[in-house]
Amino acid sequence: MKRLSKWWLIGAAAIGLTGASWSSAEDSPVALDKLSYPSAMAATDQTVTVGTAVYQEAGTAVGEPIKWTFERVNGISVTDDLKTLYELKGKPKAEETDPLFKDERTFVYDDCRIGLYDNFVQYVMVPVQAGTIEIDGKKLAMKADTLRQTLGVPDWTGEDGIVYKRGQRALKLFLDEHTGKLLSVHYFHTATD
């Protein structure tokens, strides 16, 4: 299978593409009722308060919203290669492989799991047990409400979570369907802009 095809499959699987379960957050009144939280982007003077933490976006004008680009999650970008990964994170605690997919492997670190295909980063998965996640250099608590408030209105809502998309990069918050509690956050490539 060609690399682009695998990226699409990995992205589709990570997002949880189920057809009928997808809806745009703007088009779904049910989704908005469930997920409408005051946007942190509406905060004045670029100060965002999340719980007891305060975040200031450097170099932005007063009233200008924080621009999440999803360039890096826990220091890693989905454009990094194996050499860069070793330079940034060091040697993993463990390495997992699947005998059916010899070009794929997962590196396990204390704060995340990183999926590789053909020595290039495909995804970063941060489990709720990590306690915090770093998105674009900003450290946030691994709590559904904190992340929703900070990231704003999601681009997509699914049965198993919500998705924020920036270009060909996406961040998906996997949520327990009964409690709404955060299970994990996945950062990955998407097939389209």
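Residues numbered from 1 in each chain as written. Predicted model: local features only at pLDDT ≥ 70, side-chain atom pairs only at ≥ 80, totals over all residues. Heavy atoms only, no water.

1. Focus on the overall build of the chain
In terms of helices and strands, the chain carries four helices and 13 strands. In the chain, buried positions account for 43% of the 193 residues. (Helix = DSSP H or I, 4+ residues; strand = E, 2+ residues; numbered from the N terminus. Buried < 20%, exposed > 50% of the residue type's maximum accessible area, 1.4 Å probe, protein only.)

2. Section: the packing of aromatic side chains
In this description, a pair of aromatic rings is defined by centroid distance and the angle of the planes. Applying the stated rule across the entire model yields one aromatic pair. A cation sits over an aromatic face here: Lys-89 above Tyr-109, 5.5 Å from the ring centre. Positioned above the aromatic ring of Trp-68 is the side chain of Lys-138, whose terminal nitrogen or guanidinium carbon lies 5.5 Å from the ring centre. (Phe/Tyr/Trp six-rings, centres within 6.5 Å; stacked < 30°, edge-to-face > 60°. Lys NZ or Arg CZ within 6 Å of the ring centre and 35° of its normal.)

3. Thoughts on the pattern of salt bridges
Within this structure, the stated rule accounts for ten salt bridges. Here Asp-145 makes a salt bridge to Arg-148, at a shortest N to O gap of 3.5 Å. Pair noted here: Asp-145 and Arg-148 are both in helix α4 (residues 144-151), with a separation of three residues, about one helical turn. Put simply, Lys-172 and Asp-160 hold a salt bridge, and the shortest N to O gap is 2.7 Å. Remark: Asp-160 occurs in the loop between β10 (156-158) and β11 (161-166) and Lys-172 occurs in strand β12 (residues 169-175); sequence separation between them is twelve residues. Since its relative accessible area comes to 28%, Asp-160 is described here as partly exposed. (Salt bridge = Lys/Arg side-chain N within 4 Å of Asp/Glu carboxyl O.)

4. Considering α4
A turn of α-helix holds 3.6 residues, and therefore any two residues three or four places apart point the same way. Most of α4 is tucked away, with six of its eight residues classed as buried. Of the positions making up α4, those classed as buried are Ala-144, Thr-146, Leu-147, Arg-148, Thr-150 and Leu-151. Directly beyond the C-terminal end of α4, a positive phi value near 90° is found at Gly-152.

5. Some thoughts on the environment of Trp-156
Tracing the chain through its elements places Trp-156 in strand β10. For Trp-156, a relative accessible area of 36% corresponds to the partly exposed category. Along the sequence, Trp-156 and Lys-172 sit 16 residues apart, while their C-alpha atoms lie 9.2 Å from each other.

6. Structural notes on the nonpolar core
Core analysis: the largest hydrophobic core is formed by 30 residues, its most contacted members being Val-124, Ile-133, Ile-135, Leu-147, Leu-151, Leu-171 and Leu-173. If you list the elements that add at least two residues to this core, you get α3 (82-89), β6 (113-117), β7 (120-127), β8 (132-135), α4, β11, β12 and β13 (182-189). Val-124 has contacts with Val-73, Ile-76, Cys-112, Arg-113, Ile-114, Val-185, His-186 and Tyr-187, leaving out every residue within four places of it along the chain. (Core = buried A, V, L, I, M, F, W, Y, C linked by side-chain atoms within 4.5 Å. Contact = heavy atoms within 4.5 Å.)

7. Some points on the confidence of the model for the chain
Here the chain shows a mean pLDDT of 76. Residues at 70 or above account for 65%. Contacts of residues 17-63 to residues separated by more than four positions or lying in other chains number 70 contacts, the stretch itself having pLDDT below 50. (pLDDT = per-residue confidence, 0-100.)

8. Considering the side chain of Asn-74
Along the chain, the position of Asn-74 falls in the loop between β3 (53-56) and α3. Contacts of Asn-74, omitting those with residues within four sequence positions, involve Lys-89, Asp-111, Cys-112, Val-126, Ile-133 and Glu-134.

9. Structural notes on the pairing of strand β4 (residues 94-98)
Relative to strand β5 (residues 101-108), β4 runs antiparallel, the two sharing five bridges. Bridge assignment links Asp-98 to a residue of β5, and that residue is Phe-101. Taken together, β4 and the strand that follows it, β5, pair antiparallel across an intervening segment of two residues. (Pairing = 2+ DSSP bridges.)

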